[in-house]
Each structure stands twice: as C-alpha cells, then as structure tokens.
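Residue-level structure breakdown
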Amino acid sequence: MSNWKKRLKAGALALAALALAAVPYSPKPEGGAQRQALGGAKIPAGPYVALTFDDGPKDSTTPVLLDGLARRGVHATFFVIGENVEGNELLLQRMEGEGHQIGLHTYHHKSLDRLNAAGFYAEVDQLRATLTALVGREAFMLRPPYGMMNAATQARAAAPIILWSVDPEDWSDRDTARQVAAIVDKAQDGDIILLHDIYPASVETALQVVDALMAKGFHFVTVEQLFAVRGKTPENGTVYRKLPPSSG
C-alpha cells in the first residue's frame, strides 16, 4: 500500500474513532441474565463478582472452560486478542450464543500507551471490525494489554476501559491451589477478577473459584451485567476496576 493510501486510511480511522467516542456505550440487548437484571421482577441480593479472561481464545483450553461454566450456569467476560480469533471464530460465536460477554484486548497484544493514533486505531478498530463481523454488533468494552494506558488511550478508546481489582497473577505459575486461595480469600462484592483462559491450570482455577464463591453466596455476572445490577451506565474512556454497591 502506498504511503498516501496509508495516511488516508489512518485519517479515516481517526475520524471514525472520534465519532464513536461521542456515543455512549450501549450493551447488547440480548442475554437472559442481563434482561433479568434490568427488567426482572426481582434482582437477587449480592454479592456479585465478574469473572474475566484475557488473551484467548485458545482451542485447547477455552472450550473446556466454556463447558465448565455452562454446567454451572455462569457467564463470564472474555477480552480476546484478534490474532487468536483467527481460526477460532466458532468459539467466539459460541461465547456470544451462550451469553458471555466479549471484549477488546487489541489485535496483537500491544501496549496501547506506546502507540500513536494510527497504531492505536489499527490495533483496536481492526479487532472491533473482526468481532462485529462475527457477532453482528459494534459495542465492545476495552481492556488494554498489561493494563497499560495514558490520557491518549482514554481519549481514543471509544469504549469503557475495564481493568480489575483481583489478580492472582496466574501467568506467573501453574499453581491452581495458590491461585484459588488468592482469589477466594480476597473477593468482595463488586470485584472484577482477572484470569487467562490460555492456561489449563487457570481454567481449573476459574472453575474451583466459581464453586467456592457460589458456596459463599456470590453471584457471577458479566461486566455488562455488573453495571446493570448497580444501575450504572459505563462511559467511553472511563476506567473501571470494580463496581462496589452504592454508598447512597
């Protein structure tokens, strides 16, 4: 591609991102649990937590996780990498069909705070377009790789930015027992839990955590659903680490 065409494409992406940034985030309308949270006769009392996964999908581990979550009636949020979506399109459609939330984790897992505008939009909008083609919608929350961001990241995001409040650092070892204890001992109402669905040990951690926290009365919801039960509207460019109950 010639240089002038590249500049033209980058300019078009920048204009599109600016337009999207002005539009409030609108979650997908479907999803039984979300409909119950928004319009059901009764919202169950908390505590609530959102289980989130980064860096997938992976064909050897993500299906095992989806099977385990389905058996437990639990929905989670998956912040996916674009290059891992390639070849795993059916897994993404399965996530969507089973009521999970899909989010953006860039196309090549690049630190967004180190990118110029054209690089940012290439990483984020390319993945957004890929997911839109797969699931038929455009509204996706964003999780920056490594949690790294700056003011420019927030201004360009055109999406709510979702970080986390509980992180067992499951990438650092494959010790399921340690990871489970690190999550279960710390989890509180409104927490957003970070794991990775690319490690077998982390999949087992997730399922054990679900069992342990459900036994304590916790409800597992997607990040979108967590906003819904709190009665909050996520805003583009705003950073969220947890959603505790309102003090008012």
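Each chain carries its own residue numbering, running from 1 in the written order of its sequence. Given that the model is predicted, a residue must reach a pLDDT of at least 70 before its local features are reported, and side-chain atom pairs must reach 80 or more before they are shown or counted; all residues, however, enter totals for whole chains, interfaces and linings. Side-chain figures throughout are based on the complete set of non-hydrogen atoms in the structure, without hydrogens or water.

The next thing to look at is the environment of Leu 92. Positionally, Leu 92 belongs in helix α5 (residues 89-97). The buried label applies to any residue whose accessible area, calculated with a 1.4 Å probe on protein chains only, is under 20% of its type's maximum; exposed applies above 50%, and partly exposed to all values in between. When its relative accessible area of 0% is taken as the criterion, Leu 92 is described as buried. Residues Leu 92 and Leu 131, spaced 39 residues apart in sequence, show a C-alpha to C-alpha distance of 8.3 Å. Only heavy atoms matter for contacts: two residues are in contact if any of them lie within 4.5 Å across the pair. Every residue in contact with Leu 92, bar those within four places of it in the chain, is listed here: Pro 57, Val 80, Val 85, Ile 102, Leu 131, Leu 134 and Val 135. Helix and strand definitions follow DSSP, with helices as H or I runs of at least four residues and strands as E runs of at least two, each counted in order from the N terminus.

A few words now on the pairing of strand β3 (residues 101-104). Side chains Gln 101 and Gly 103 project from β3 onto one buried face, and the interleaved Ile 102 and Leu 104 project onto a second face that is buried too. One requirement defines pairing of two strands: DSSP has to find at least two bridges between them. Relative to β3, strand β2 (residues 77-80) runs parallel, the two sharing 4 bridges. Paired with Phe 78 across the bridge in β3 is Ile 102.

Now for helix α3 (residues 62-72). Within α3, the full set of buried residues consists of Thr 62, Leu 65, Leu 66, Gly 68 and Leu 69. Looking straight down α3, one finds its buried side chains confined to an arc of 165°; they lie on one side. A positive backbone phi angle near 65° is found at Gly 73, which sits one or two residues after α3. What the arc measures is the spread of directions leading from the helix axis to the C-beta atoms.

Once that is clear, we can look at the packing of α3 against α5. An axis is simply a line fitted to the C-alpha atoms; with a helix, the fit covers only the stretch in contact. Between two such axes, the angle follows the N-to-C directions and lies from 0 to 180 degrees. α5 packs onto α3 with a crossing angle of 15° between their chain directions and a minimal axis gap of 11 Å. Our classification of the angle between α3 and α5 gives roughly parallel. The two elements α3 and α5 meet at a crossing, and its hand is left-handed. Contact residues: Thr 62, Pro 63, Leu 66 and Asp 67 in α3; Leu 91, Arg 94 and Met 95 in α5. Angular relationships are summarised with four words: roughly parallel below 35 degrees, roughly antiparallel beyond 145, roughly perpendicular across 65 to 115, and oblique for the angles in between. Definitions for this section: a left-handed crossing has its near helix turned counterclockwise from the far helix by less than a right angle. A right-handed crossing has that turn clockwise.

Summarising the element assignment, Glu 123 is placed in helix α6 (residues 117-135). Polar contact is the term for a pair of N or O atoms within 3.5 Å; when the atoms are in protein, one must be able to donate a hydrogen and the other to accept it, and sequence-neighboring residues count only if both atoms are side-chain atoms. Within the structure, the side chain of Glu 123 is placed 3.0 Å from the backbone nitrogen of Tyr 107, a separation counted as a polar contact. Apart from the residues lying within four places of it in its own chain, the contact partners of Glu 123 are Thr 106, Tyr 107, His 108, His 109, Lys 110, Leu 112 and Leu 115.

Right, let's get into the packing of α3 against helix α9 (residues 200-215). Interaxial distance between α3 and α9 falls to 9 Å at its minimum, and their mutual angle equals 15°. The angle between the axes of α3 and α9 places the two elements in the roughly parallel class. In the crossing of α3 with α9, the sense of the turn from one axis to the other is right-handed. Counting all contacts with α3, which are made through Val 64, Leu 65, Gly 68, Leu 69 and Arg 72, the residues of α9 involved are Val 203, Ala 206, Leu 207, Val 210, Asp 211 and Met 214.

By nonpolar core we mean a set of buried residues, namely Ala, Val, Leu, Ile, Met, Phe, Trp, Tyr and Cys, connected to one another through side-chain atoms within 4.5 Å. In this structure, Leu 51, Leu 69, Phe 78, Leu 131, Leu 142 and Leu 213 are the most contacted members of the largest nonpolar core, which totals 46 residues. Of all the elements, α6 adds the most residues to this core, at 7 residues. Not counting residues within four places of it along the chain, the set of residues in contact with Leu 142 comprises Phe 79, Leu 104, Leu 112, Phe 120, Val 124, Ala 157, Ala 159, Pro 160, Ile 161 and Ile 162. Among the nonpolar cores identified, the runner-up in size contains 15 residues, and Phe 79, Ala 139, Ile 192 and Val 229 belong to it.

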